[in-house]
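# Structural features, examined
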Amino acid sequence: MVNTPSDAEVIGRSLDEPEAFGLVYDRHAATVLRFLGRRVGAEVAEGLLGELFRIAFERRKTFDPSRASALPWLYGIGSNLLLKHRRGEARRLRASARMAADEATDRRAGAKALDARLLFPRVADAIEALPDGEREALLLFAWEDLSYQSVAEALELPIGTVRSRLNRARVQLRELLEPGGENRMRSR
Amino acid sequence: MKPVDLARKLRQEATFEPAVLDRGKAVLMAAIRQEVQPKRGPTIVPQIPYEDVRAALAFLERAFGFREIPTARLVTAGGVIDHAMLEFGAGVIGIGPQGHHGTISPKSGGIVSQYISVYVDDVDAHHQRAVAGGARIAMGLRDYAWGDRPYEAHRTYEALDPEGHRWRFHQLLREMPRSRRDP
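Residues numbered from 1 in each chain as written. Chains lettered and ligands numbered in written order. Predicted model: local features only at pLDDT ≥ 70, side-chain atom pairs only at ≥ 80, totals over all residues. Heavy atoms only, no water.

## A word on the overall build of chain B
Here is the rule we go by: Only DSSP runs of H or I with at least four residues qualify as helices, and only runs of E with at least two residues qualify as strands; both kinds are numbered from the N terminus onward. Buried residues are those whose accessible area, probed at 1.4 Å on protein chains only, stays under 20% of the maximum for their type, while exposed residues exceed 50% and partly exposed ones sit between those limits. The contact criterion used is simple: two residues touch if any of their non-hydrogen atoms lie within 4.5 Å. Computed by Shrake-Rupley with a 1.4 Å probe, the accessible areas treat only the displayed protein chains as cover when residues are assessed.
On a plain count of helices and strands, chain B comes out with six helices and nine strands. Out of the 183 residues in chain B, the part that is buried amounts to 36%. Look at the contacts in chain B between residues 6 or more apart in sequence, and 54% of them connect residues 24 or more apart. Carbon and sulfur atoms make up 53% of the accessible area of chain B, which amounts to about 11,000 Å² in all.

This is the structure in structure tokens:
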């Protein structure tokens, strides 16, 4: 049986044979593209994809070879790139909230439908109100299903910091979503 | 519902055409090619003749800071260096005994038929090193508002190596030298 080289081995090889880095793309580009698409939509994501891998290629010397998978590292580069697209991200989040509200309303009736109509835009606002570092940790965890360890690798943080950021994000979302929370958010 | 689950409800997939992945890969491969190409070496390599190749090699390393590419050295059975290559930044030269390929050293021929321009980061430091290494200064340090390359101010000097080949060292300047800017 042929042993498949780990990402770390491929990146190590690409230091002398740059073409080898193409394999990192083949392995992870589809996952990274879906991640970018969820955050900023298809059009912007398409432009960012090549850019992200070009940056990764240029920084490949800084990849920590003790990590077997390059994916958290790629997520981290993507998170940085997305910071320049905050407005588009916020727009998409509000649109997603409207869709989620519509969908929930179709399935319910009366007072519950009204709740759903109000709830999702408030979730979107609450996510938007989080500090960048907490929002990023939350979305990597909740949307990308990364483990705490992978979020820590992506954001280059100790795992304890990721844990406390996610806890703070949870607390803030809960506060903003409980009755009266909306007022508290407005008063910020 | 838990906060994280609520956040998850807002996850919305984007849809892409299949060609998007190919276009992204093209961007990456272009970046890779750009890095690979310089490693294939420069497309023009001056070949410089010397009476004493071994002494020239030592001088070029000591005085000018060039580095021999060790794998490129050719030595005859008699121990004479038949050809050697030196690199400096992105540039490469070859040196060899005069007489090969119809060439002659200025030391034997008595004339210099060319000079070679070399771009350095710090021309003052380079000048100091060249003098300490035994170079003869043919033209001292001076500033120019433009030079071999148009519209680029540079600071330069010229040195002769032990056999009389002329070398011109340049440092590109970000600002115009004051002397030329204020007439």
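Let us keep going from here.
## A few points about the overall build of chain A
Scanning chain A for helices and strands turns up nine helices and zero strands. Helices and strands in chain A line up, N terminus first, as α-α-α-α-α-α-α-α-α. If you take every contact in chain A between residues at least 6 apart in sequence, the share linking residues at least 24 apart comes to 59%.

## Quick word on the pairing of strand 8 (residues 154-160) of chain B
Residues and elements named next belong to chain B. As a reminder, the rule being used: Note on pairing: two strands pair once DSSP finds at least 2 bridges between them.
Among the seven residues that make up strand 8, six are buried, leaving the element largely enclosed by the rest of the structure. In the sheet, strand 7 (residues 136-144) pairs with strand 8 via six bridges, with the strands oriented antiparallel. What sits directly across from Tyr144, in strand 8, is His154. Inspection of the sheet shows strand 8 paired to strand 9 (residues 166-172) by seven bridges, in the antiparallel sense. Bridging from a neighbouring strand, Leu160 pairs with Arg166 of strand 9. Connecting strand 8 to the antiparallel partner strand 9 that follows it, the hairpin turn spans five residues, and Gly164 within it adopts a positive phi of roughly 95°.

## Notes on the sheet that holds strand 9 of chain B
Sheet strands associate in pairs through backbone hydrogen bonding, adopting either a parallel or an antiparallel arrangement. Residues and elements named next belong to chain B. Put simply, the rule is: Axis angles are defined between N-to-C directions and span 0 to 180 degrees, where every axis is a line fitted to C-alpha atoms and, for a helix, only to the segment in contact.
Strand order in the open sheet formed by four strands is 6-9-8-7, and the pairing between neighbours is mixed. Since the sheet does not close on itself, it has two edges, and those belong to strand 6 (115-119) and strand 7, each with one partner. Within the sheet, the average angular offset between the axes of one strand and its neighbour, ignoring direction, is 20°. As paired elements, strand 6 and strand 9 share five bridges and run parallel to each other. Considered in strand 9, the bridge of Ile116 is made with Trp167. Strands strand 7, strand 8 and strand 9 of the sheet are contacted by helix 5 (residues 123-132), whose axis makes an angle of about 10° with strand 8.

## A look at a positive patch on the surface
All names here are of chain A. So the rule is basically this: Patches were defined on residues exceeding 30% relative accessible area and lacking a salt bridge, with like-charge contacts within 9 Å and nonpolar side-chain contacts (Val, Leu, Ile, Met, Phe, Trp, Tyr) within 5 Å. For salt bridges, the criterion is a side-chain nitrogen of Lys or Arg within 4 Å of an Asp or Glu carboxyl oxygen. His is not counted here, nor are the chain ends, while Lys and Arg score as positive and Asp and Glu score as negative. A charge is said to be at NZ when it belongs to Lys, at CZ for Arg, at CG for Asp and at CD for Glu.
Together, Arg87, Arg91, Arg94 and Arg98 make up a region of like positive charge exposed at the surface. Along the polypeptide, Arg87 turns up in helix 4 (residues 86-107). By relative accessible area, which is 72% here, Arg87 ends up exposed.

## Describing the packing of helix 7 (residues 148-155) of chain A against helix 8 (residues 159-177) of chain A
Residues and elements named next belong to chain A. The cut-off we apply is this: Angles below 35 degrees are treated as roughly parallel, those above 145 as roughly antiparallel, those between 65 and 115 as roughly perpendicular, and all remaining angles as oblique. Following the grouping adopted for this structure description, the nonpolar residues are Ala, Val, Leu, Ile, Met, Phe, Trp, Tyr, Cys and Pro, the charged ones are Asp, Glu, Lys and Arg, and the polar ones are all others, Gly among them.
Helix 8 packs onto helix 7 with a crossing angle of 105° between their chain directions and a minimal axis gap of 9 Å. Taken together, helix 7 and helix 8 sit at an angle that is classed as roughly perpendicular. Across from Tyr148, Gln149, Val151, Ala152 and Leu155 in helix 7, the residues of helix 8 making contact are Ile159, Val162, Arg163, Arg165, Leu166 and Arg170. Partitioning the contact of helix 7 with helix 8 into residue classes produces seven nonpolar, one polar and three charged.

## Focus: the interface of chain A and chain B
Quoted interface sizes are often the accessible area lost when the parts come together. Worth spelling out the cut-off: Buried area is understood as the total, over both parts, of accessible area removed when two parts are fitted together, assessed with a 1.4 Å probe.
Listed as interface residues are 45 residues of chain A and, on the opposing side, 26 residues of chain B. Of the roughly 3,100 Å² buried between chain A and chain B on both sides combined, carbon and sulfur atoms contribute 69%. Considering only the surface of chain A that becomes buried against chain B, A:Tyr25, A:Glu46 and A:Trp143 emerge as the three largest contributors, covering 17% of it. Between the two partners, chain A and chain B, sit six salt bridges.

## A few points about the layout of surface pockets
Residue and element names in this part refer to chain B. Our working rule: The pocket and cavity definitions rest on a 1 Å grid over protein atoms only: a 1.4 Å probe that fits but cannot leave marks a cavity, an open set with protein on both sides within 12 Å along at least five of seven lines marks a pocket, and residues lining either have an atom within 4 Å of a point. Grid points are joined across faces, edges and corners, and a volume is the space filled by probe spheres set on the points.
If you add up the space inside the largest pocket, you get close to 330 Å³. Lining the largest pocket are 17 residues, with Phe88, Gly91, Val92, Ser117 and Val118 positioned closest to its centre. Of all elements in the fold, only strand 4 (81-88), strand 5 (91-97) and strand 6 reach the threshold of two or more residues within the lining of the largest pocket. In terms of residue count, strand 6 provides more of the lining of the largest pocket than any other element does, four residues in total. A per-class count over the lining of the largest pocket returns 12 nonpolar, three polar and two charged.

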